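Structural overview
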Amino acid sequence: MTNDARGQSDDLHPQAPWWWGIGPVGAVILVIVGIAWALWLFLGSSGAADNSTVGYGASKVISIGLALGGTVVLERFRSRTSRAQETKDQENG
């Protein structure tokens, strides 16, 4: 996949999920919301503590946020490495 193709997320994923393309800030927000939701569920809420589906939903939000955040971090490391390699290649030849 070329760098040009990576920037065209709408064309490549016409049926993207709701969390597609929210970026690193959105990933951090998802993690924070998921943790707050889980804490509210287990510490603050008395009636919903028995409802395991609510806890499952909170854990899904946290895991999606962590996966998106990890993907963004890996992509940044890859782009740094490729830029460093390109400048090294330009200097050598």
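Residues numbered from 1 in each chain as written. Predicted model: local features only at pLDDT ≥ 70, side-chain atom pairs only at ≥ 80, totals over all residues. Heavy atoms only, no water.

Some details on helix H3 (residues 23–44)
In this model H3 runs 30 Å from its N-terminal to its C-terminal C-alpha over 22 residues, within 8% of the 32 Å that 1.5 Å per residue would give. For H3, the set of buried residues is Gly 26, Ala 27, Leu 30, Val 31, Gly 34, Ala 38 and Leu 41. The buried residues of H3 all sit within an arc of 140° when viewed along its axis, so they share a single face. Of the residues in H3, the exposed ones pointing more than 90 degrees away from the buried face are Val 25, Ile 32, Leu 43 and Gly 44. In this structure, the buried side of H3 is in contact with helix H4 (52–92). (Helix = DSSP H or I, 4+ residues; strand = E, 2+ residues; numbered from the N terminus. Expected span 1.5 Å × (residues − 1). Buried < 20%, exposed > 50% of the residue type's maximum accessible area, 1.4 Å probe, protein only. Arc of directions from axis to C-beta. Contact = heavy atoms within 4.5 Å.)

Considerations on H4
Given a rise of 1.5 Å per residue, 41 residues ought to cover 60 Å, and the 59 Å separating the end C-alpha atoms of H4 matches this to within 8%. Within H4, burial applies to Val 54, Gly 55, Gly 57, Ala 58, Val 61, Ile 62, Ile 64, Gly 65 and Leu 68. Considering only its buried residues, H4 is in contact with H3.

What about the environment of Ala 27?
Of note, Ala 27 is situated in helix H3. When its relative accessible area of 3% is taken as the criterion, Ala 27 is described as buried. With residues near it in sequence (within four places) discarded, Ala 27 still touches Ile 22, Gly 65, Leu 68 and Gly 69.

Details of the nonpolar core
In this structure, Ala 27, Leu 30, Val 61, Ile 64 and Leu 68 together form the largest nonpolar core, which totals 5 residues. Listed by contribution, the elements that provide at least two residues to this core are H3 and H4. Per-element accounting of this core gives the leading share, 3 residues, to H4. If we skip the residues at most four places from it in the chain, Val 61 touches Leu 30, Gly 34 and Trp 37. (Core = buried A, V, L, I, M, F, W, Y, C linked by side-chain atoms within 4.5 Å.)

Comments concerning a nonpolar patch on the surface
A contiguous nonpolar surface patch, about 450 Å² in accessible area, is contributed by Ile 35, Leu 39, Phe 42 and Leu 43. Turning to its location among the elements, Ile 35 is positioned in helix H3. (Patch = residues over 30% accessible without salt bridge, like charges linked within 9 Å, V, L, I, M, F, W, Y side chains within 5 Å. Areas by Shrake-Rupley, 256 points an atom, 1.4 Å probe, with all protein chains shown as cover. Salt bridge = Lys/Arg side-chain N within 4 Å of Asp/Glu carboxyl O.)

Brief notes about the packing of H3 against H4
Remark: H3 packs on H4, axes separated minimally by 8 Å, with the N-to-C direction vectors making an angle of 155°. One finds that H3 runs roughly antiparallel with respect to H4. Note on packing geometry: the crossing formed by H3 with H4 is left-handed. By residue class, the composition of the contact of H3 with H4 is 16 nonpolar, 6 polar and 1 charged. (Axes fitted to C-alpha atoms, helices over the stretch in contact; angles between N-to-C directions. Parallel < 35°, antiparallel > 145°, perpendicular 65-115°, else oblique. Left-handed = near helix turned anticlockwise from the far one by under 90°. Nonpolar A, V, L, I, M, F, W, Y, C, P; charged D, E, K, R; others polar.)

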